[in-house]
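Understanding the architecture of this molecule
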Amino acid sequence: MRRSIIAAAAGTLLLATAAVAQLAFEKRTIDNGNWNSGRFADAVTVRTPARFIYLSGQGSEDEKTGAILFPGDVAAQCRYAWEKVGRMLAQQGASVSDIVKATTYVTDARFQQTIGECRRNAMNGAPATPHTFLVVQALAWPGMLMEVDVVAAVAP
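Residues numbered from 1 in each chain as written. Predicted model: local features only at pLDDT ≥ 70, side-chain atom pairs only at ≥ 80, totals over all residues. Heavy atoms only, no water.

With respect to the pairing of strand 5 (residues 131–135)
To keep it simple, the criterion reads: Paired strands, in this sense, are two strands between which DSSP finds at least two bridges. Think of it this way: any DSSP run of H or I at least four residues long counts as a helix, any run of E at least two long counts as a strand, and we number them from the N terminus. Here is how to tell: hold the view so the strands point away, follow the path from the first strand over the helix to the second, and if it runs clockwise the crossover is right-handed.
As judged from the five bridges shared by strand 4 (residues 99–106) and strand 5, these two strands associate in the parallel manner. Bridging from a neighbouring strand, T103 pairs with T132 of strand 5. Once you follow strand 4 into helix 3 (residues 112–123) and on to strand 5, the crossover reads as right-handed.

What follows is the structure, given as structure tokens:
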């Protein structure tokens, strides 16, 4: 009887292991072809197992000193912030093509076109992701004109 219980448990474990092995990581971008097509995706679905990476807001703070770089130049601040995003994702074995959600915070709505172009360039041909663009009164440090945070998902 003990052998049959062990055999049954082993069989159940094998079936469970096989079921988990069949779970595949899948990331799918959904673009319904609306006015926003190519600017940002309507949705991204992620089927796990996956490892998620949540980055804190990245702006133009110098990585060593915290000083705000490129005062008054939103395009340069945006490029620098996205370079930091790329480096931080690379440290985690990911890239911008693994981003599943981005949020950009700006201090002036007139930055929308500049930020949009910067983000498209930073994505380097990767599919567009869901993106939220928020205008805020101020950011963490005086002189910051924009900040971006992202969530990425990578296969285990």
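Examining the environment of L69
Here is the rule we go by: Residues are treated as being in contact if the distance between any of their heavy atoms lies within 4.5 Å.
Considering the arrangement of structural elements, one finds L69 in the loop between strand 3 (51–54) and helix 2 (74–91). Spatially, the C-alpha atoms of L69 and M144 are 8.5 Å apart, while their sequence positions differ by 75 residues. What L69 contacts, discounting residues up to four positions off in sequence, is S60, D62, Q77 and Y80.

Overview of helix 2
Threshold: By this rule the span expected of a helix is its residue count minus one, scaled by 1.5 Å. Remark: exposure states derive from per-residue accessible area (1.4 Å probe, protein chains only) relative to the maximum for the residue type, with buried under 20%, exposed over 50%, and partly exposed in between. Side-chain atoms alone can form a polar contact between residues adjacent in sequence; in general such a contact is a pair of N or O atoms within 3.5 Å, and within protein one must be able to donate a hydrogen while the other accepts it.
Helix length check: helix 2 (18 residues) gives 26 Å between terminal C-alpha atoms against 26 Å at 1.5 Å per residue, within 8%. Buried within helix 2 we find V74, A76, Q77, C78, Y80, A81, W82, K84, V85 and L89. Close packing links the buried residues of helix 2 with strand 3, strand 4, helix 3 and strand 6 (146–154). One side-chain oxygen at the N-terminal end of helix 2 lies 3.3 Å from the backbone nitrogen of A75; it belongs to D73. Phi turns positive one or two residues past the end of helix 2, at G93, with a value near 75°.

Notes on the sheet that holds strand 6
What counts is decided by this rule: Axis angles are defined between N-to-C directions and span 0 to 180 degrees, where every axis is a line fitted to C-alpha atoms and, for a helix, only to the segment in contact.
Pairing in this open sheet of four strands is mixed, and the strands run 3-6-4-5 from one edge to the other. Because the sheet does not close on itself, it has two edges, and the strands there are strand 3 and strand 5. Strand-to-strand twist of the sheet, defined as the mean angle between neighbouring strand axes without regard to direction, takes the value 10°.

Some remarks on the nonpolar core
Formally: Here the nonpolar core consists of buried residues drawn from Ala, Val, Leu, Ile, Met, Phe, Trp, Tyr and Cys, with membership extended through side-chain atoms lying within 4.5 Å.
W82, V85, L89, I99, M146 and V150 are the most contacted members of the largest nonpolar core, which totals 24 residues. Listing elements by their share of this core, those giving two or more residues are helix 2, strand 4, helix 3 and strand 6. With six residues, the top contributor of residues to this core is helix 2. With residues up to four places along the chain from it excluded, the contact list for I99 reads K27, W82, V85, L89, M123, T129, V150, V151 and A152.

Considering the environment of F52
The residue F52 is located in strand 3 in this model. For F52 and A155, which are 103 residues apart along the polypeptide, the C-alpha to C-alpha distance reads 8.9 Å.

Considering the pattern of salt bridges
A side chain of one charge can pair with a side chain of the opposite charge when the charged atoms of the two come close. This is how it is decided: Here a salt bridge means any side-chain nitrogen of Lys or Arg lying within 4 Å of a carboxyl oxygen belonging to Asp or Glu.
Considering all chains together, one arrives at three salt bridges under this definition. Notably, a salt bridge pairs E63 with R87, separated by 2.5 Å at the nearest N-O pair. Here the residue E63 occupies a position in the loop between strand 3 and helix 2, and R87 occupies one in helix 2, the gap between them amounting to 24 residues. Across the salt bridge formed by D108 and R110, the nearest N and O atoms sit 2.6 Å from each other. A relative accessible area of 18% means that D108 is categorised as buried.

Some thoughts on the confidence of the model for the chain
Put simply, the rule is: Confidence of the predictor at the level of single residues is given by pLDDT, which spans 0 to 100.
For the chain, the average pLDDT comes to 85, and 85% of its residues sit at 70 or higher. Across residues 7–18, where pLDDT falls below 50, the model places zero contacts with residues more than four positions away in sequence or in other chains.

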